[in-house]
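Chains, contacts and geometry: an overview
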Amino acid sequence: MVESAHKTGFFPSLADPLRQFGSKVADWFAPAAEAAVNGSAYRISMEVPGVAESDIDVTVHEGVVTVTGEKKSEREEKGETWFFSEREYGSFSRSFRLPPDADGDKVDADLKDGLLTITVPKRAETPPEGARKVPIRKG
């Protein structure tokens, strides 16, 4: 369900180590997430403490849910008083490929207490278009 880049070709490019390093750094700063499923829906939960609802965008495009946002820094420096910060600030983006039975047109997102919960209902099972069951006769 998590979107990832695909490599092509047999021989690695000279830039591959740098690309891999960049993706590892991006993964490190991306918010922690978990995905679960029940009988009727898929649920993606992502930790975004300190991020305002107005600074988060959830989009669905071609079967991929993408969450982008920014945790803004508010710093204040006064005279000789020193402040330190172990908190992380900046932009983030996470993408999740939806399974074929997910209904991307009915995605719902909820933000409560720093936890973003995205719910994607499953489509009702329908036979493939044009398919029909053929009865079998005895005899």
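Please refer to the structure placed before this passage.
This is a predicted model, so every value here is computed, not measured.

**A short note on the packing of aromatic side chains**
Evaluated as defined, the whole model comprises 0 aromatic pairs. Cation over ring: Lys 122 sits above Tyr 42, and NZ or CZ is 5.4 Å from the ring centre.

**A word on the pairing of strand β1 (residues 33-37)**
Where β1 lies against strand β2 (residues 41-47), 5 bridges are found, and the strand directions are antiparallel. Each bridged residue has a counterpart across the sheet, and for Ala 35 the counterpart in β2 is Ile 44. Counting the residues between successive antiparallel strands, the hairpin from β1 to β2 contains 3 residues.

**With respect to the nonpolar core**
Counting 15 residues, the largest nonpolar core has Met 46, Val 48, Val 67, Leu 116 and Ile 118 as the members making the most contacts within it. At the level of secondary structure, the elements contributing two or more residues to this core comprise β2, β4 (64-71), β5 (90-97) and β7 (115-121). Apart from the residues within four sequence positions on either side, Val 67 is in contact with Met 46, Ile 56, Asp 57, Val 58, Phe 92, Ser 93, Arg 94, Leu 116 and Ile 118.

**Let's talk about the sheet that holds β2**
Spatially, 4 strands are ordered β1-β2-β7-β6 in an open sheet, and the strand pairing comes out antiparallel. Looking at which strands have only one partner, the edges of the open sheet turn out to be β1 and β6 (108-112). With direction set aside, neighbouring strand axes in the sheet form an average angle of 15°. In the sheet, β2 pairs with β7 via 7 bridges, with the strands oriented antiparallel. Across the sheet, Ser 45 pairs through a bridge with Thr 117, a residue of β7.

**Notes on the pairing of β6**
Alignment of β6 against β7, held across 5 bridges, turns out to be antiparallel. Note that in β7 the partner of Asp 108 across the bridge is Thr 119. Count of turn residues in the β6/β7 antiparallel hairpin: 2 residues, of which Asp 113 carries a positive phi of about 55°.

**Overview of the environment of Arg 43**
Along the chain, the position of Arg 43 falls in strand β2. Of the residues examined, Arg 43 reaches a relative accessible area of 37% and is grouped as partly exposed. Here the alpha-carbon distance between Arg 43 and Pro 121, two residues 78 residues apart in the chain, equals 8.5 Å. With residues near it in sequence (within four places) discarded, Arg 43 still touches Glu 34, Ala 35, Ala 36, Thr 117, Ile 118 and Thr 119.

Thresholds applied
Residues numbered from 1 in each chain as written. Predicted model: local features only at pLDDT ≥ 70, side-chain atom pairs only at ≥ 80, totals over all residues. Heavy atoms only, no water. Phe/Tyr/Trp six-rings, centres within 6.5 Å; stacked < 30°, edge-to-face > 60°. Lys NZ or Arg CZ within 6 Å of the ring centre and 35° of its normal. Pairing = 2+ DSSP bridges. Helix = DSSP H or I, 4+ residues; strand = E, 2+ residues; numbered from the N terminus. Core = buried A, V, L, I, M, F, W, Y, C linked by side-chain atoms within 4.5 Å. Buried < 20%, exposed > 50% of the residue type's maximum accessible area, 1.4 Å probe, protein only. Contact = heavy atoms within 4.5 Å. Axes fitted to C-alpha atoms, helices over the stretch in contact; angles between N-to-C directions.

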